[in-house]
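Tertiary structure, described
One-letter residues, chain by chain:
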Amino acid sequence: MADSPAHAVNAKLEINGTSVSYPIMKGSTGPDVVDIRKLFADTGAFTYDPGYKSTASCESALTYIDGDEGILLHRGYPIGQLAEHSSFMEVCYLLLNGELPKQAELEEFSYTISRHTMLHEQLATFYRGFRRDAHPMAIMCGVVGALSAFYHDSTDISDPEHRKISSHRLIAKMPTIAAMAYKYSVGQPFLYPKNDLSYTANFMRMTFGVPAEDYEVHPAVEKAMDRIFILHADHEQNASTSTVRLAGSSGANPFACIAAGIACLWGPAHGGANEAALNMLHEIGTPDRIKHYIERAKDKNDPFRLMGFGHRVYKNYDPRATVMQKTVREVFDALQVKDPVFETALQLEEIALSDDYFREKKLFPNVDFYSGIILSAIGFPTTMFTALFALARTVGWVAQWNEMISDPAQVIGRPRQLYTGPTERDYVPVEER
Ligand code: CMC
């Protein structure tokens with residue numbers, strides 16, 4: 001890490017009759033952080049913070065979120081500006097290298113990524129081991145983990161060149177892996193990548209093209225897809241990113257770490273929410289049924305939640321949802337489609353945002369609320385939604401993993417616990433129990 005954060009005044013704590021004080025670390029912006037690393041050695045006590053609601057697990061210079069203001073910055077650049085003016089390749093470069101690329105740097109980076117898009121031919125046989133109705137995320141977990149078995153020449157994590165190549169490979173191969181998962185589910189032949197296409201156009205062709213015909217992606221759809229990738233590229237220390245960091249903290253290879261991140265992303269409270277949100281909107285069906293579902297979401301005895309609503313960090317509108325909503329209209333206009341589910345979503349948002357329950361708890365639409373409507377209009381089945389999230393988030397995972405490995409403060413992640421089980425007791429032979 002470049003510069004260590006400034007240490008300001010100390011935080012004081014009295015525990016079991018002992019007074020201790022710990023440095024308060026200041027970042028470039030955002031909340032202060034109390035450095036409690038010596039707490040256990042000094043006092044014999046741990047902190048208790050399930051869900052890490054008050055815990056900074058690492059130092060990072062990648063992404064900043066101000067949840068109260070609805071701000072998301074990558075390397076300082078607001079997500080709205082990146083979504084409007086940048087490209088996914090440029091954002092990948094930015095996240096990995098810290099600065100926006102010059103033209104020649106962008107061209108070189110895009111060229112390098114395009115030269116890693118093919119998969120080892122034997123990996124195709126892995127797909128054939130899956131059922132045709134396997135969820136694409138199940139396939140992604142398996143195939144990405146299996147990359148470790150094929151690319152030994154880039155798994156020495158102490159070698160920066162290995163780390164760079166494995167990062168490029170993961171970013172480049174993820175579209176091929178995701179497209180093949182789709183092709184397998186619909187029984188169509190796999191398509192090899194075509195490297196004269198852009199990252200996003202290449203993915204669209206591998207997904208929706210067939211060998212029998214030429215395929216050209218609609219420019220507006222390519223732009224929308226590229227923007228969706230930008231919106232998902234990184235998001236600070238979320239559950240899947242923290243999973244990647246924790247897996248990587250033991251020295252595991254990057255392919256195994258990213259497979260762990262994919263597994264975590266799959267859950268409906270995280271990346272699986274885009275699939276769940278569209279399924280929910282279909283279940284609601286027509287606007288007249290919205291009130292019933294709002295009541296269910298508010299009922300403590302009903303496990304139902306409004307999917308695509310609420311966020312651990314955002315207590316304001318998720319800035320990614322704003323761009324997503326705009327993109328729905330652009331895609332609908334370009335493809336000349338209309339989907340009544342969008343009207344249901346807009347009305348659901350309006351009703352929820354004027355309801356005291358959602359206002360008091362500061363529950364707003366998140367990135368997953370509108371993304372499914374766009375992806376569905378483009379032609380993706382709901383089961384592919386989270387796979388697309390994984391594809392785009394790979395750069396964030398890889399950038400965070402690289403940052404962790406280069407951080408001198410990095411040690412194996414090993415949380416402690418508040419033990420509430422039985423204290424020591426003697427074993428009782430089975431005949432005496
Ligand atoms: N519908 C109804 N009530 C909700 C919702 C919701 N979507 N989200 C939170 N609440 C309530 C929750 O019941 C709790 O109420 P109370 O204080 O009375 O117990 C309060 O709001 C705070 O919720 P929480 O579960 O303690 O908050 P959290 O920070 O642990 O969870 C969350 C955040 C995203 C898991 C949650 O809001 C949720 O389950 N949302 C639906 C799933 C979703 O859309 N996930 C995508 C998140 S964004 C993309 C990503 O991370 O991949």
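Please refer to the structure placed before this passage.
As a starting point, this report considers the structure included with it. Keep in mind that what you see is a predicted model, and the values were worked out from it rather than measured.

**Details of the overall build of the protein**
Summing up its helical and strand segments, the protein has 18 helices and six strands in all. The C-alpha atoms of the protein give 23 Å as radius of gyration, which agrees with the globular expectation for 433 residues (22 Å, within 12%). Each principal axis of the C-alpha atoms in the protein carries an extent, and together these give about 75 × 65 × 55 Å. Residues counted as buried form 47% of the 433 residues belonging to the protein. Residue pairs in contact within the protein that sit at least 24 positions apart in sequence constitute 70% of those at least 6 positions apart. A total of about 21900 Å² of accessible surface is found on the protein, and carbon and sulfur atoms cover 52% of it. Each charge class in the protein can be summarised by its mean position, and for the 41 positive and 53 negative side chains these summaries are 2 Å apart.

**Examining the site of the ligand**
Around the ligand, 23 residues are found, and the nearest of them are H270, L306, G308, R312 and K361. Computed on the free molecule, the ligand has an accessible area of 930 Å², of which 77% lies beneath the protein chains in the complex. Here the residues of the shell around the ligand are counted per class, giving eleven nonpolar, six polar and six charged.

**Describing helix α13 (residues 290-298)**
Within α13 the residues assigned to the buried category are I290, Y293, I294 and A297. Along the axis of α13, the buried positions cluster into a sector of 105°, meaning they face one direction only. On the buried face of α13, the contacting elements are α12 (273-284), α15 (340-353) and α16 (356-360).

**Re the sheet that holds strand β5 (residues 71-74)**
Strand order in the open sheet formed by three strands is β4-β5-β6, and the pairing between neighbours is antiparallel. Both edges of this open sheet fall to β4 (63-66) and β6 (77-78), since each of them pairs with a single strand only. In terms of strand pairing, β4 meets β5 through four bridges, oriented antiparallel. The residue bridging Y64 from the neighbouring strand is L73, located in β5.

**A word on the packing of aromatic side chains**
Here the distance between the centres and the angle between the planes together describe a pair of aromatic rings. Under the criterion given, the structure shown has 20 aromatic pairs. In textbook terms, an aromatic cluster arises when at least three aromatic residues are bridged by ring pairs, as seen for F88, Y182, Y199, F203, F208, F229 and F380. Positioned over the ring face of F40 is R416, at 5.9 Å from the centre of the ring.

**Digging into the side chain of T386**
Mapped onto the elements of the fold, T386 is located in helix α18 (residues 385-406). From its side chain, T386 meets the backbone oxygen of G271 in a polar contact 3.3 Å long.

**Overview of the pairing of strand β2 (residues 18-26)**
With two bridges connecting them, β2 and strand β3 (residues 33-34) associate as antiparallel partners. Looking at β3, one finds that M25 is bridged to V33.

**Comments concerning the packing of helix α10 (residues 239-249) against α18**
Closest axis-to-axis distance for the α10/α18 pair is 9 Å, and the angle between their directions is 40°. Comparing their axes, α18 and α10 come out oblique. Here α10 runs over α18; the crossing is right-handed. For the pair α10 and α18, contact is made by S240, T241, V244, R245, G248 and S249 and by R393, W397, Q400, W401, E403, M404 and I405, respectively. Taken together, the residues that form the contact of α10 with α18 break down as five nonpolar, five polar and three charged.

**Thoughts on the environment of I71**
Note on placement: I71 falls in strand β5. For I71, a relative accessible area of 33% puts it in the partly exposed group. Along the backbone, I71 and N279 are 208 residues apart, and their C-alpha atoms lie at a distance of 28 Å. Once you skip the residues sitting within four places of it in the chain, I71 turns out to touch Y64, I65, D66, Y314 and P319.

**As for the pattern of salt bridges**
Enumeration according to the criterion identifies 14 salt bridges in this entry. Ionic pairing is found between D32 and K26, a salt bridge with its closest N-O pair at 2.7 Å. By relative accessible area, which is 37% here, K26 ends up partly exposed. Between R37 and D35 there is a salt bridge, with its nearest N and O atoms 3.0 Å apart. Residue classification places R37 among the exposed positions, given a relative accessible area of 63%. Each of E84, R227, K326 and E330 takes part in one network of salt bridges that share partners.

**Focus: unusual backbone geometry**
At R75, a position not held by glycine, the phi torsion is positive, near 50°. With respect to the element layout, R75 can be found in the loop between β5 and β6.

**Quick look at the side chain of D234**
Position of D234 among the secondary structure elements: in the loop between α9 (219-231) and α10. A distance of 2.5 Å separates a polar atom in the side chain of D234 from a polar atom in the side chain of T63.

**Points about the nonpolar core**
Nonpolar side chains in soluble globular proteins generally cluster together in the buried interior. Residues F88, F203, L306, Y370, I373 and F380 are the most contacted members of the largest nonpolar core, which totals 118 residues. If you tally residues by element for this core, the top one is α18, at 14 residues.

**A short note on the environment of L353**
The topology assignment puts L353 in helix α15. Under the relative-accessibility criterion, L353 is labelled partly exposed at 24%. Linking L353 and L197, residues 156 residues apart in sequence, is a C-alpha distance of 42 Å.

Criteria and thresholds
Residues numbered from 1 in each chain as written. Predicted model: local features only at pLDDT ≥ 70, side-chain atom pairs only at ≥ 80, totals over all residues. Heavy atoms only, no water. Helix = DSSP H or I, 4+ residues; strand = E, 2+ residues; numbered from the N terminus. Rg over C-alpha atoms; globule rule 2.2 N^0.38 Å. Buried < 20%, exposed > 50% of the residue type's maximum accessible area, 1.4 Å probe, protein only. Contact = heavy atoms within 4.5 Å. Areas by Shrake-Rupley, 256 points an atom, 1.4 Å probe, with all protein chains shown as cover. Lys, Arg positive; Asp, Glu negative; His and termini not counted. Charge placed at Lys NZ, Arg CZ, Asp CG, Glu CD. Near = heavy atom within 4 Å. Nonpolar A, V, L, I, M, F, W, Y, C, P; charged D, E, K, R; others polar. Arc of directions from axis to C-beta. Pairing = 2+ DSSP bridges. Phe/Tyr/Trp six-rings, centres within 6.5 Å; stacked < 30°, edge-to-face > 60°. Lys NZ or Arg CZ within 6 Å of the ring centre and 35° of its normal. Polar contact = N/O pair within 3.5 Å; in protein donor to acceptor, adjacent residues only side chain to side chain. Axes fitted to C-alpha atoms, helices over the stretch in contact; angles between N-to-C directions. Parallel < 35°, antiparallel > 145°, perpendicular 65-115°, else oblique. Left-handed = near helix turned anticlockwise from the far one by under 90°. Salt bridge = Lys/Arg side-chain N within 4 Å of Asp/Glu carboxyl O. Core = buried A, V, L, I, M, F, W, Y, C linked by side-chain atoms within 4.5 Å.

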